[in-house]
Amino acid sequence: RGHTMRLTALCLLLFLAPCCTWGVPQPTRKWKFDATLDHFSYSPESAETFVLRVFEYDSHWTNKSGPLFVYTGNEGPLESFYNNTGFMFDIAPQFNALIVFIEHRYYGESIPWGSAEAAFTPDGLRYLSSMQATADFADVIKYYKETYNIDQVVSFGGSYGGMLTAWMRLRYPQLVDVALAASAPLPMMAKTAKPKQKFFEIVTSDFGAVNKRCPVVTRDGFTKLYETVKLSGYEDIITSNFRLCKRFNMSQFDHLVGWVRNSMLMMAMVDYPYPAEFFGDLPAWPVTAACNLMLDEMDESGDEMRALAVAAGLFYNGTSGTKECFDIYEDFIECADITGCGTGPAAIAWDWQCCTEFQLAVPSNNQSDMFPPFNWGPKVVDKYCKEKYGVTPDPVRASMNYWGADFRAASNIIFSNGLLDPWHAGGVLEDVNPTVKAIIIKEGAHHLDLRGSNPEDPQSVIVARKQEVALIKQWLNEARDGKTVF
């Protein structure tokens, strides 16, 4: 009976809920900005340029006197963030704002030399950094301010984009008046704070909040996977249970474990209350959906490893379920970021950034979390990066460049974090001063507040968005009146 009820509920959720991004209009203009290749040298290369994509939406800029809303692009194609940041469009009419999204260099179509072959080499990647990217954003903002006589600017960003948006306010306060940085784990990146709860502990808590059995089945599923490879004929057993396209062998073991781990953590990150296609075609509350699928399989087969495989498959197969088998090397790429680098050229770019600026050493221990022990420490990362690119991470330099996540002297920055999001452990969770504010969203996943308003939104994100709008209005008014202290 429990099996039938859970399956029926899941089917109803998939059938009744909206299927796409809520209320984001198409850009009114797409254009390309000639960006400087190297902002920080006087070498011949510094005179080179490349094209940076910009999406613009001006339908709410009715009197041509409102502020500029800028989204500082993330580690991926611009369309993905444009289509999943409806909050800017929802509130733009209140401000008569012009909306602009800027693509991050080396991502999407904003590739130096217009060639992935030239850009994605150790030599070509030397111009990829957050410092270069924020300088790109500054040039685009300056262009808009001067060309359209725009007085005020509000920057928005989520995750890495949220880090960039906070840094824009720190580095270019003359250009950016207010910054909303959602799900931006700056203290974790700067190594200036020890999180009260670890990344994989939060993923485990998310699954445990749905049903206490889910972390137990997950842990037991991994244990059985480790035991199965000791058996005769393990190749066919694992190939069948995980529905792999290619016959499994022991050389694939670590990658398979990473494939499963990546699925669980990504569903925790994007545990939105309605179907979304941000990182995959997922149902509403994907953690709940995955947990229920896991328990259904346990009720039916009693096989923990198969239950784990079924739950992990949801992320890669989505609600459509069209994949007949899984290619784990196509679905998931191992990289310097244990939480994943995505796929395609963007994976190379983010891998490079994690091998230079950002050291994302997020271990699991199988005690406080449900994942196999994995110590992705600095020495392991250094070895990986040295072998792949000939470089090693230097997070100290990034920390120094951006105040070491010490925002006591900053102003007009909102840091928002959702407690369902594993990254909130590394975020700014308390007010720093009267104009550097922390907003906590109890039922919020990864930058849920930046998504467009939806009938299924929990009350906590509705309240958070109202607080954000109020602060943006207040700080813009104070800046206009000359009351802002930089």
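Note that this is a predicted model, so its numbers are computed, not measured.

Rules used throughout
The residue numbers shown here count from 1 along each chain, following its written sequence. Reporting of local features is limited, given that this is a predicted model, to residues whose pLDDT is at least 70; pairs of side-chain atoms are given and counted only at 80 or more, and all residues count toward the totals for whole chains, interfaces and linings. Side-chain calculation: all heavy atoms of the structure are included, whereas hydrogens and water are not. Numbering of helices and strands starts at the N terminus; helices are DSSP runs of H or I of at least 4 residues and strands are runs of E of at least 2. Note that the radius of gyration is over C-alpha atoms, with the globule rule given as 2.2 Å times the number of residues to the power 0.38. Exposure categories follow from relative accessible area, calculated using a 1.4 Å probe and restricted to protein chains: below 20% of the type maximum is buried, above 50% is exposed, and the middle band is partly exposed. We call two residues contacting when some pair of their heavy atoms lies within 4.5 Å. In these tables, accessible area is a Shrake-Rupley quantity obtained with a 1.4 Å probe, and a residue counts as shielded only by the protein chains included in the view. For Phe, Tyr and Trp, where Trp contributes only its six-membered ring, two rings pair if their centres lie within 6.5 Å, and the inter-plane angle classes them as stacked under 30 degrees, edge-to-face over 60, or tilted in between. Whether a charge lies above a ring is judged from NZ of Lys or CZ of Arg, which has to be within 6 Å of the ring centre and within 35 degrees of the ring normal. A 1.4 Å probe that fits but cannot get out identifies a cavity on a 1 Å grid over protein atoms alone, an open set with protein on both sides within 12 Å along at least five of seven lines counts as a pocket, and a residue lines either if it has an atom within 4 Å of a point. Grid points are joined across faces, edges and corners, and a volume is the space filled by probe spheres set on the points. Three categories are distinguished: nonpolar for Ala, Val, Leu, Ile, Met, Phe, Trp, Tyr, Cys and Pro, charged for Asp, Glu, Lys and Arg, and polar for the others, with Gly belonging to the last. Pairs of cysteine sulfur atoms within 2.5 Å are identified as disulfides in what follows. To qualify as a nonpolar core, a set must consist of buried Ala, Val, Leu, Ile, Met, Phe, Trp, Tyr and Cys residues joined through side-chain atoms within 4.5 Å.

Visitor: Explain the overall build of the chain to me, using residue names and the numbers behind them.
Guide: What the chain contains, in helices and strands, is 18 helices and eight strands. At 23 Å, the chain has a C-alpha radius of gyration in line with the 23 Å of a compact globule built from 486 residues. The principal-axis extent of the C-alpha atoms belonging to the chain is close to 70 × 50 × 40 Å. Within the chain, the proportion of its 486 residues that are buried is 58%. Considering only residue pairs separated by 6 or more positions, the chain has 70% of its internal contacts joining residues 24 or more positions apart. Total accessible area on the chain is roughly 19800 Å²; 54% of this is exposed by carbon and sulfur atoms.

Visitor: Please provide a residue-by-residue account of the packing of aromatic side chains, values included.
Guide: In the structure shown here, the tally under the stated rule is 39 aromatic pairs. With a centroid separation of 4.7 Å and 65 degrees between ring planes, the pair formed by phenylalanine 199 and tryptophan 423 is classed as edge-to-face. Of this pair, phenylalanine 199 sits in helix α8 (residues 199–210) while tryptophan 423 sits in the loop between β7 (413–418) and β8 (436–441), and the two are 224 residues apart along the sequence. Using a relative accessible area of 3% as the deciding quantity, one classes phenylalanine 199 as buried. Positioned over the ring face of tyrosine 272 is arginine 451, at 4.5 Å from the centre of the ring.

Visitor: I'd like a rundown of empty space enclosed by the protein, residues and numbers included.
Guide: Counted according to the given criterion, the structure contains two cavities of 30 Å³ or more. For the largest cavity, the calculated volume is near 90 Å³. Every residue lining the largest cavity is counted, 13 residues in all, and those nearest its centre are Trp167, Met189, Ala190, Ala398 and Ser399. For the lining of the largest cavity, the elements supplying multiple residues, two or more each, are α6 (160–171), α7 (186–190) and α17 (395–401). Among the residues forming the lining of the largest cavity, the class breakdown is ten nonpolar, two polar and one charged. A volume near 60 Å³ is recorded for the second largest cavity. Val270, Tyr272, Tyr274, Ala276, Glu277, Phe278, Phe279, Gly280, Leu282, Pro283 and Pro286 together form the lining of the second largest cavity. A class-by-class count of the residues in the lining of the second largest cavity yields nine nonpolar, one polar and one charged.

Visitor: Please set out the state of the cysteines residue by residue, giving values where relevant.
Guide: What is meant by a disulfide is a covalent connection between two cysteines, made through their sulfur atoms. Under the definition given, this model contains four disulfides. Linked covalently through their sulfurs, cysteine 214 and cysteine 291 form a disulfide whose S-S length is 1.6 Å. One quick way to see it: the torsion about the S-S bond of cysteine 214 and cysteine 291 is about 80 degrees, and its sign makes the bridge right-handed. Residue cysteine 214 is found in helix α9 (residues 213–228), and its partner cysteine 291 is found in helix α12 (residues 286–301); the two are separated by 77 residues along the sequence. Relative accessible area serves as the criterion here: at 0%, cysteine 214 is assigned to the buried category. Judged by its relative accessible area of 0%, cysteine 291 falls in the buried class. Bridging cysteine 355 to cysteine 385, the disulfide has an S-S length of 2.0 Å.

Visitor: An account of the layout of surface pockets is requested, with residue identities and associated values reported.
Guide: Quantified by volume, the largest pocket comes out at close to 940 Å³. Lining the largest pocket are 42 residues; nearest its centre among them are Met266, Phe279, Cys341, Gly342 and Thr343. At the level of secondary structure, the elements contributing two or more residues to the lining of the largest pocket comprise α2 (78–82), α11 (253–269), α13 (304–317), α14 (328–331) and α15 (345–354). Looking at side-chain class alone, the lining of the largest pocket contains 23 nonpolar, 14 polar and five charged residues.

Visitor: Any details on the nonpolar core? Residues and values, ideally.
Guide: Formed by 165 residues in total, the largest nonpolar core has its most connected members in Phe69, Phe156, Ile238, Phe242 and Trp259. Considering each element in turn, this core owes the most residues, eleven residues, to α11.

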